[in-house]
Amino acid sequence: MSGFNEEYNTMGECDFFMRTSEFVTNRVFGSREELMDWVFGSREELMDWVHKLAYSLGIVIVTKRSNKRADGFKHKVVLKCDRGGVYKNADSSKASGTKKINCPFELEARYSSEDDAWTLKVISDQHNHQPIQYMEGHPYAQRLSDEEFSLVAELTKMNVPPRDILAILKKKNISNVSSLRTIYNARSKIRMAEQVGKSPM
Ligand SMILES: [Zn+2]
């Protein structure tokens with residue numbers, strides 16, 4: 001978990017307190033292209049980025065609330081850590097598998113109609129708990145984006161071994177936490193799709 005600010009670890013008793021500052025998107029960039037990377041074309045794109053980064057850091061981010069326009073379009077979404085909020089009863093804790101301990105971490109995603117783009121603002125980058133150690137086992141973490149799925153299909157056609165496909169995916173996207181199982185699952189999906197395509201009517 002190198003992504004976490006380690007300054008608190010030297011203080012011993014404050015081990016459980018950490019910051020995930022990686023969500024800050026308004027830093028100084030070296031080039032125009034880099035800046036463009038931090039503006040999102042859609043809410044889905046922004047959420048995908050947030051979820052992937054969160055999982056790579058060992059946290060889970062959920063929607064706290066969202067504001068809709070009259071036509072139903074969500075133009076503002078407030079996101080929180082899944083340990084945010086107050087623990088209410090045993091059932092809700094069981095459903096999510098985590099206890100709510102009022103974690104203050106909060107992000108705000110906003111749509112700008114002027115730019116037709118989404119931006120992300122960090123309200124609080126602080127957590128009152130440790131990261132989850134084995135995010136790789138979480139189903140969300142292993143999801144492939146459409147682009148990644150196409151790449152797996154392409155590389156499979158070229159007879160690239162799954163282990164090498166995984167290495168290529170991770171090289172392209174540092175927040176990719178797929179496992180070999182993800183690649184195997186994608187390959188069997190691809191094969192099934194191929195067979196459907198080949199089967200005589
Ligand atoms: Zn948290």
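Residues numbered from 1 in each chain as written. Predicted model: local features only at pLDDT ≥ 70, side-chain atom pairs only at ≥ 80, totals over all residues. Heavy atoms only, no water.

(A) Region of interest: the packing of aromatic side chains. Inspection of every chain in the model, using the stated rule, returns four aromatic pairs. Ring centres of Phe40 and Trp49 lie 5.5 Å apart, and the angle between their planes is 50°; on these two criteria the pair is classed as tilted. Exposure remark for Phe40: the relative accessible area of 2% places this residue in the buried category. Judged by centre distance (6.4 Å) and plane angle (50°), the rings of Phe73 and Trp118 are tilted. (Phe/Tyr/Trp six-rings, centres within 6.5 Å; stacked < 30°, edge-to-face > 60°. Buried < 20%, exposed > 50% of the residue type's maximum accessible area, 1.4 Å probe, protein only.)

(B) Highlighting the nonpolar core. Of all hydrophobic cores here, the largest spans 19 residues; its most connected members are Phe23, Leu46, Val50, Ile61, Leu79, Phe105 and Leu107. Going through the elements one at a time, helix 2 (43-57), strand 3 (74-81), strand 4 (106-112) and strand 5 (117-124) are the ones with two or more residues in this core. The leading source of residues in this core is helix 2, at six residues. Those residues in contact with Leu46 that lie beyond four places of it in its chain are Phe40, Ala109, Trp118, Thr119 and Leu120. (Core = buried A, V, L, I, M, F, W, Y, C linked by side-chain atoms within 4.5 Å. Helix = DSSP H or I, 4+ residues; strand = E, 2+ residues; numbered from the N terminus. Contact = heavy atoms within 4.5 Å.)

(C) Examining the sheet that holds strand 4 more closely. The four strands lie next to each other as 2-3-4-5, forming an open sheet whose pairing is antiparallel. Strands at the two margins of the open sheet, each flanked by one partner only, are strand 2 (61-68) and strand 5. For this sheet, the mean angle separating the axes of adjacent strands, direction not counted, is 20°. Pairing between strand 4 and strand 5: seven bridges, direction antiparallel. The residue bridging Tyr111 from the neighbouring strand is Trp118, located in strand 5. Lying on the sheet, helix 2 is in contact with strand 2, strand 3, strand 4 and strand 5; it crosses strand 5 at an angle near 40°. (Pairing = 2+ DSSP bridges. Axes fitted to C-alpha atoms, helices over the stretch in contact; angles between N-to-C directions.)

(D) Spatial organisation of the side chain of Lys76. For Lys76, the position within the fold is in strand 3. Under the relative-accessibility criterion, Lys76 is labelled buried at 14%. Dropping the residues within four chain positions of it, Lys76 is found in contact with Arg65, Ser66, Asn67, Glu108, Ala109, Arg110 and Trp118.

(E) Expanded view of the pairing of strand 3. Counting buried positions along strand 3 gives six out of eight residues, so the element sits mostly inside the fold. In this sheet, strand 3 lies alongside strand 2 in antiparallel orientation, the contact comprising seven bridges. Bridge pairing links Thr63 to Leu79 in strand 3. Between strand 2 and strand 3, which pair antiparallel one after the other, the connecting turn spans five residues, and Gly72 there sits at a positive phi close to 95°. Strand direction decides the pairing type here: strand 3 and strand 4, joined by five bridges, are antiparallel. Directly across from Lys76, in strand 4, lies its bridge partner Arg110.

(F) Layout of helix 2. With 15 residues, helix 2 extends 21 Å between its outermost C-alpha atoms, agreeing within 8% with the 21 Å of an ideal straight helix rising 1.5 Å per residue. Just downstream of helix 2 lies Gly58, where phi reads positive at about 90°. (Expected span 1.5 Å × (residues − 1).)

(G) Representation of the coordination of the zinc ion. In this structure, Cys81 (SG), Cys103 (SG), His127 (ND1) and His129 (NE2) serve as the protein donors to the zinc ion, at separations of 2.0 to 2.3 Å. Here the zinc ion binds four donor atoms, and the angle range of 102 to 117° at the metal identifies the geometry as tetrahedral. Each donor residue of the zinc ion belongs to the same chain, and together they define the spacing C-x21-C-x23-H-x1-H. Here His127 matches His129 in class, with each residue buried. (Donors = N, O, S within 2.8 Å, 3.2 Å for Na, K, Ca; no water. Tetrahedral: all angles 85-135°; square planar, octahedral: opposite > 155°, others 65-115°.)

(H) Up close: helix 5 (residues 162-172). Of the positions making up helix 5, those classed as buried are Pro162, Ile165, Leu166 and Leu169. Taken down its axis, helix 5 places every buried residue within 100° of arc, on the same side. Seen from the open side of helix 5, the exposed residues pointing more than 90 degrees away from its buried face are Arg163 and Lys171. (Arc of directions from axis to C-beta.)

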